[in-house]
Amino acid sequence: MTFTAAQIAMLINAKIEGNPEASVGSFSKIEEAKEGQLAFLANPKYEEYLYTTGASIIIVNDSLELKGKVQGTLLRVPDAYTAFAGLLAKYQQMVSRQLTGIQQPSYISASAKLGEQVFVGAFAYIGENVVIGNGVKIYPNVFIGNDVVIEDNTIIHPSVSIYYGCRVGKNVTIHAGSVIGGDGFGFAPQADGSFTKVPQIGNVVIEDNVEVGSNATIDRATIGSTIIRAGAKLDNLIQIAHNVEVGNNTVIAAQAGVSGSTKVGKNVMIGGQAGIVGHISIADGAKINAQSGVSKSIKQPGGAVTGSPAYDYTSALRSQALSRRLPELEKRIQELEAFIKQLVSEKV
Amino acid sequence: MTFTAAQIAMLINAKIEGNPEASVGSFSKIEEAKEGQLAFLANPKYEEYLYTTGASIIIVNDSLELKGKVQGTLLRVPDAYTAFAGLLAKYQQMVSRQLTGIQQPSYISASAKLGEQVFVGAFAYIGENVVIGNGVKIYPNVFIGNDVVIEDNTIIHPSVSIYYGCRVGKNVTIHAGSVIGGDGFGFAPQADGSFTKVPQIGNVVIEDNVEVGSNATIDRATIGSTIIRAGAKLDNLIQIAHNVEVGNNTVIAAQAGVSGSTKVGKNVMIGGQAGIVGHISIADGAKINAQSGVSKSIKQPGGAVTGSPAYDYTSALRSQALSRRLPELEKRIQELEAFIKQLVSEKV
Amino acid sequence: MTFTAAQIAMLINAKIEGNPEASVGSFSKIEEAKEGQLAFLANPKYEEYLYTTGASIIIVNDSLELKGKVQGTLLRVPDAYTAFAGLLAKYQQMVSRQLTGIQQPSYISASAKLGEQVFVGAFAYIGENVVIGNGVKIYPNVFIGNDVVIEDNTIIHPSVSIYYGCRVGKNVTIHAGSVIGGDGFGFAPQADGSFTKVPQIGNVVIEDNVEVGSNATIDRATIGSTIIRAGAKLDNLIQIAHNVEVGNNTVIAAQAGVSGSTKVGKNVMIGGQAGIVGHISIADGAKINAQSGVSKSIKQPGGAVTGSPAYDYTSALRSQALSRRLPELEKRIQELEAFIKQLVSEKV
């Protein structure tokens, strides 16, 4: 199955630069693409490959100014990455098998209500009073606790566990092994050094269009709800503690963690392995660098921080650069000291 | 179902301050509570809400001195957090469904021995010679390997895997997706750069009253046992390597890790995302700050460290503060140099 | 069942130093071993125990020079750790039950092809067109997606999920809860702050002799493959993002993460909780210290780095040591300033 540049241009609304009859049958990365393949260029780091790639068709940004000759046909669009994503989505729809029906054996409580066009994989468990919307796909080995609600067109990948009483919105994807609604980490210290468990009777609410990566953990609230707002994207192995709120369209990269009761605004970017302490708030649009340790609220919308403990990005970079030059600074201090010592001895 | 302040005071042995007939039907956080709800105040960070909350009843510490007028009825106890935990526990007992019985299909080896009042969820797997105590709850999709022993009243949440030969004590809770007894990470380097696996023939022993969060990993010992002592509390996504020992009532926050053969004392607090190298020991009562990297034994009981590499908490805070002021320090050195330079030129 | 020093020496090709008739029935760590047990000494940190251990037989390196009297019989080999690993492996073979056969209920698609001597545990799921080699062991609750290929003698532990189209080589071990082939974290930002998902249509390829720990995540490529080369060893809770390549015999310790499209060379050592940004390359033999944050390519083969952001190991250690002495450096600057101030006042 092959497509011409002209056909693809129509699909993604692109301007053609080059041969409209160039044709492709598969996708490739620009640095590896061969004749008959389609690639794209969005990250400027890869621009050098544009002039050497064997790709027959390359999707690029309207704004790109060529610095050399390109062999393949260019398709220009406002945003190459988004256009490429759209093409991949159309391709995936064409090739993916349509999952529907109830595989056996699975365990579906008599009191559970399932919508239309639902898929339930083998060894999936659906508890009492669960409500599953239309078009929902529940893969094998998934556990859905009692009283959970899952809305339309959501996909739950294998071995996900959703504890009782949690709510998952529409068009949500939760990848394999993630745990939604495990107990928050709350223990009251006792005089003898032991701990009394604080029961966690709240739940987790995941709004529409959220994606959660693999083996992530989102704890239920002590009371009330831990909330992931619509459009948020959470990567693999992230930790969201009890009573946290993650704002709309906030992105959290792999292995980052947010401690209890912290409120993360919308459109926030949290880098990989970053950590945020509990009981603080992060302003909308804040940028938290990878491996940062955020110990205080970020009040400035769009504020950027880095370091552990984290502070203002620009100042922190300057201090980090200087801390690499500490041996030189110490040497300069030594020279000053030596000079002064000599000065004193001369005076005497 | 509502309860009066007088009734709750009797349950938690509290002194009433205000109207004993005030009544509540649900719980809420103090900053969000409305009429008819019960809240508590333990963290002083939230005291401001005491004077604005709509809660009809608020549990507070005996020691609290009011700084303003409170609308609701106060219930005073020695420790508000513990009293609130106790109330939640009673509430949870009232509302939770009693899980017992063996759901089908599940896989229980003929040689396994199950106690009384046991729950085994659908798709749970119980291997050969496994011994399960009374009142144990094993959720769906759990894997219990051969020769495992689980003592009374322990709860194993969905998709937990417990490898062969491990032992779990009484009143333990293991949250979903955690892996107990996977192979320790031991490989002998060979001359050609490859590695020979060192078989891990030990096991994991988890003593009574331990709680393990979701998607945590506790590796089996090479020989002997990896041990989690009674009362320890381990959060989500933590890593405990082979032959580690974690002491009584030690608390390890999410995403922290302890490397092989390290011995962590009792009543230690380990912050989130902290890491501890292998083959060292951590004194009782030590405090390890979030994101610390502990590379040497902590010998001082109660010693506190922070930073990566970690050292004494107070010194580290001072150095961290100064490292933020490095640009200023460099400027001061430059001024000294300029002055000296001028001094020299004047002399000449 | 006991063995004499002479018998074990023959098995591991060792020189006997002491009584060849000394006999043992079990293994122990050198610091805990008693009469009738076998121990080994490889890590020099433990040498002190050699002179106090109760072990009847101790395997040591040829090169070891004794600093005192040893009670037990010594078996000298070129590499004690490797010899001990070999003995453990023989022991494990003797005692482990041979797993074969298909437990019921399990779900095996009609189009799947299984080799000989295969084990499929209860509640394991094997999708359409899956190909499973000879001697493969698939534990309970495992999910194998459509079109996956698993080659001979590979072991897949409980609750592992392998998404569609991934390939796993020979003699691979994947521990419980790991997720292979979940979607890479790719989203195209839109003008309104929301994100459009970039479909991830590539796969994961794991070559021969790889070991993956528990609850690790290895994402599928956007296009092409995420590749783990032969002999690599990956610990628990590690994150490998889309389109990453991990080289031969590279070792990645627990909770470390590698971001998208980064190419890690062969024989690289990555410490626990280290993070590597995307779109860079790490030279063969590089050493990345625990908790490092690698933000630039490492071009020097064998180059060692530490810190966050990471740089040259030796320089970084020097700067870290100085940063602990910052209070002293500031004091020295203050003294210089005071001196100069006095100098100026004297001049006037």
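Every chain's residues receive numbers from 1 upward, in the order its sequence appears when written. To read the labels, note that chains go from A and ligands from 1, taken in the order they are written. Per-residue local features are limited, in this predicted model, to residues with pLDDT of at least 70; the limit for side-chain atom pairs, both in listing and counting, is 80 or more; totals at the level of whole chains, interfaces and linings are taken over all residues. As a rule here, side-chain values come from all non-hydrogen atoms in the structure, and water together with hydrogens is ignored.

Attention now moves to the overall build of chain A. A tally of regular secondary structure across chain A gives four helices and 40 strands. With C-alpha atoms as the basis for the radius of gyration, the globule rule is written as 2.2 Å multiplied by the number of residues raised to the power 0.38. Relative to the globule expectation of 20 Å for 348 residues, the C-alpha radius of gyration of chain A, 27 Å, shows a markedly less compact shape. Overall, the C-alpha framework of chain A stretches about 100 × 75 × 30 Å when taken along its three principal axes. Partly exposed residues are those whose accessible area sits between 20% and 50% of the maximum for their type, while under 20% is buried and over 50% is exposed, using a 1.4 Å probe and protein chains only. Residues counted as buried form 57% of the 348 residues belonging to chain A. Labels follow the DSSP assignment, with helices taken as runs of H or I lasting at least four residues and strands as runs of E lasting at least two, numbered in each case from the N terminus.

The next thing to look at is the relation of the copies chain B and chain A. Take chain B, turn it by 120°, move it 0.0 Å along the axis, and it overlays chain A with an RMSD of 0.1 Å. Such values leave the two copies arranged in the relation of a three-fold axis. Least-squares superposition of the copies uses the C-alpha atoms of those residues scoring a pLDDT of at least 70 in each of them.

Okay, helix 3 (residues 313-324) of chain B next. Each helix should span, by expectation, one fewer than its residue count multiplied by 1.5 Å. Counted at 1.5 Å a residue, the expected span for helix 3 of chain B with its twelve residues is 16 Å, and the 17 Å between its end C-alpha atoms agrees. Of the residues making up helix 3 of chain B, those classed as buried are A316, S319, Q320 and L322 of chain B. Taken end-on, helix 3 of chain B shows its buried residues confined to a sector of 165°, consistent with a single buried face. For this analysis, residues touch if any pair of their heavy atoms sits within 4.5 Å. On its buried face, helix 3 of chain B sits against strand 39 (304-306), strand 40 (311-312) and helix 4 (326-347) of chain B together with helix 3 (313-324) and helix 4 (326-347) of chain C. Arc definition: it is the arc formed by the directions from the helix axis to the C-beta atoms.

Take the side chain of Q103 of chain C next. Tracing the sequence through the fold places Q103 of chain C in the loop between strand 8 (101-102) and strand 9 (107-108). Using a relative accessible area of 14% as the deciding quantity, one classes Q103 of chain C as buried. Each polar contact in these results corresponds to two N or O atoms within 3.5 Å; when the atoms are within protein, one needs to be able to donate a hydrogen and the other to accept it, and residues that are neighboring in sequence are counted only if both atoms are side-chain atoms. Within the structure, Q103 of chain C has its side chain in polar contact with the side chain of Y107 of chain B (distance 3.2 Å). Of note is the side chain of Q103 of chain C, whose polar atom sits 3.0 Å from the side chain of Y125 of chain B. With residues near it in sequence (within four places) discarded, Q103 of chain C still touches Y107 and Y125 of chain B together with F119, V120, G121, A122 and P140 of chain C.

Next up on the list: the domain arrangement of chain A. Bear in mind that the domain bounds are from an automatic or database domain assignment. Here chain A is described as being made up of domain 1 (3-96), domain 2 (160-309) and domain 3 (315-347). A C-alpha centroid distance of 55 Å is found between domain 1 of chain A and domain 3 of chain A.

Residue and element names in this part refer to chain C. If you trace the nine strands from one edge of the open sheet to the other, you get 10-13-16-19-24-27-30-33-36, paired in parallel fashion. Looking along the sheet, the strands with just one partner apiece sit at the ends: strand 10 (113-114) and strand 36 (281-282). Alignment of strand 33 (residues 263-264) against strand 36, held across two bridges, turns out to be parallel. Bridge pairing in strand 36 places V264 opposite I282. Strands qualify as paired when DSSP identifies two bridges or more between them.

The next point concerns the sheet that holds strand 5 (residues 37-40) of chain B. Residues and elements named next belong to chain B. Overall, mixed pairing links the five strands, which are arranged 2-7-6-5-4 in an open sheet. With one partner strand each, in any of the chains shown, strand 2 (15-17) and strand 4 (26-27) form the two edges of the open sheet. Where strand 2 lies against strand 7 (residues 73-77), three bridges are found, and the strand directions are antiparallel. Each bridged residue has a counterpart across the sheet, and for E17 the counterpart in strand 7 is L74. A fitted line through C-alpha atoms represents every axis, and for helices the fit uses only the stretch in contact; the resulting angles, taken between N-to-C directions, go from 0 to 180 degrees. In this fold helix 1 (residues 5-12) packs onto strand 2, strand 5, strand 6 (57-61) and strand 7, with an angle of close to 10° to the strand it touches most, strand 7. Running at roughly 135° to strand 6, helix 2 (residues 80-95) makes contact with strand 4, strand 5, strand 6 and strand 7 of the sheet.

Frequently, the measure chosen for interface size is the accessible area that the parts lose on association. In this assembly, 62 residues from chain A lie in contact with 78 residues from chain C. Buried surface area refers to the total accessible area, computed with a probe of radius 1.4 Å, that the two partners give up upon joining, counted for both partners together. Buried area between chain A and chain C, both sides added, is near 5,300 Å², and the carbon and sulfur share of it is 60%. Taken as a group, R97, F123 and R324 of chain A account for 11% of the area that chain A buries against chain C, more than any other trio of residues on that side. The working definition used for a salt bridge is a side-chain nitrogen of Lys or Arg within 4 Å of a carboxyl oxygen of Asp or Glu. Remark: the boundary between chain A and chain C carries four salt bridges. Two residues, R325 of chain C and E330 of chain A, come together in a salt bridge whose shortest N-O distance is 2.5 Å. The interface formed by chain A and chain C contains 30 residue pairs in polar contact (both at pLDDT 80 or more). For the side of chain A that touches chain C, the secondary structure elements donating two or more residues are helix 2 (80-95), strand 28 (233-234), strand 31 (251-252), helix 3 (313-324) and helix 4 (326-347) of chain A. In terms of residues, the side of chain A that touches chain C owes the most to one element, helix 4 of chain A, which gives eleven residues. Looking at the side of chain A that touches chain C, its residues break down into 28 nonpolar, 23 polar and eleven charged. Residue type decides the class: Asp, Glu, Lys and Arg count as charged, Ala, Val, Leu, Ile, Met, Phe, Trp, Tyr, Cys and Pro as nonpolar, and the leftover types, Gly among them, as polar.

Another aspect to go through is helix 4 of chain B. With 22 residues, helix 4 of chain B extends 31 Å between its outermost C-alpha atoms, agreeing within 8% with the 32 Å of an ideal straight helix rising 1.5 Å per residue. When we look at burial in helix 4 of chain B, the residues that qualify are L326, L329, E330, R332, I333, L336, I340 and L343 of chain B. Along the axis of helix 4 of chain B, the buried positions cluster into a sector of 155°, meaning they face one direction only. Across helix 4 of chain B from its buried face, at more than 90 degrees, point the exposed residues K331 and K341 of chain B. Structurally, helix 4 of chain B contributes buried residues whose contacts are with helix 3 and helix 4 of chain A, helix 3 of chain B together with helix 4 of chain C.

This brings us to the interface of chain B and chain A. Counting residues at the interface gives 62 residues for chain B and 77 residues for chain A. In this assembly, chain B packs against chain A so that about 5,300 Å² is buried in total across both faces, 60% of it on carbon and sulfur atoms. The three residues of chain B that bury the most area against chain A are R97, F123 and R324 of chain B, which together make up 11% of that side's buried surface. Put simply, chain B and chain A have four salt bridges between them. Residue E337 of chain B pairs with R332 of chain A through a salt bridge whose shortest N-O separation is 2.7 Å. Across the chain B-chain A interface, the total number found is 29 residue pairs in polar contact (both at pLDDT 80 or more). For the side of chain B that touches chain A, the secondary structure elements donating two or more residues are helix 2, strand 28 (233-234), strand 31 (251-252), helix 3 and helix 4 of chain B.

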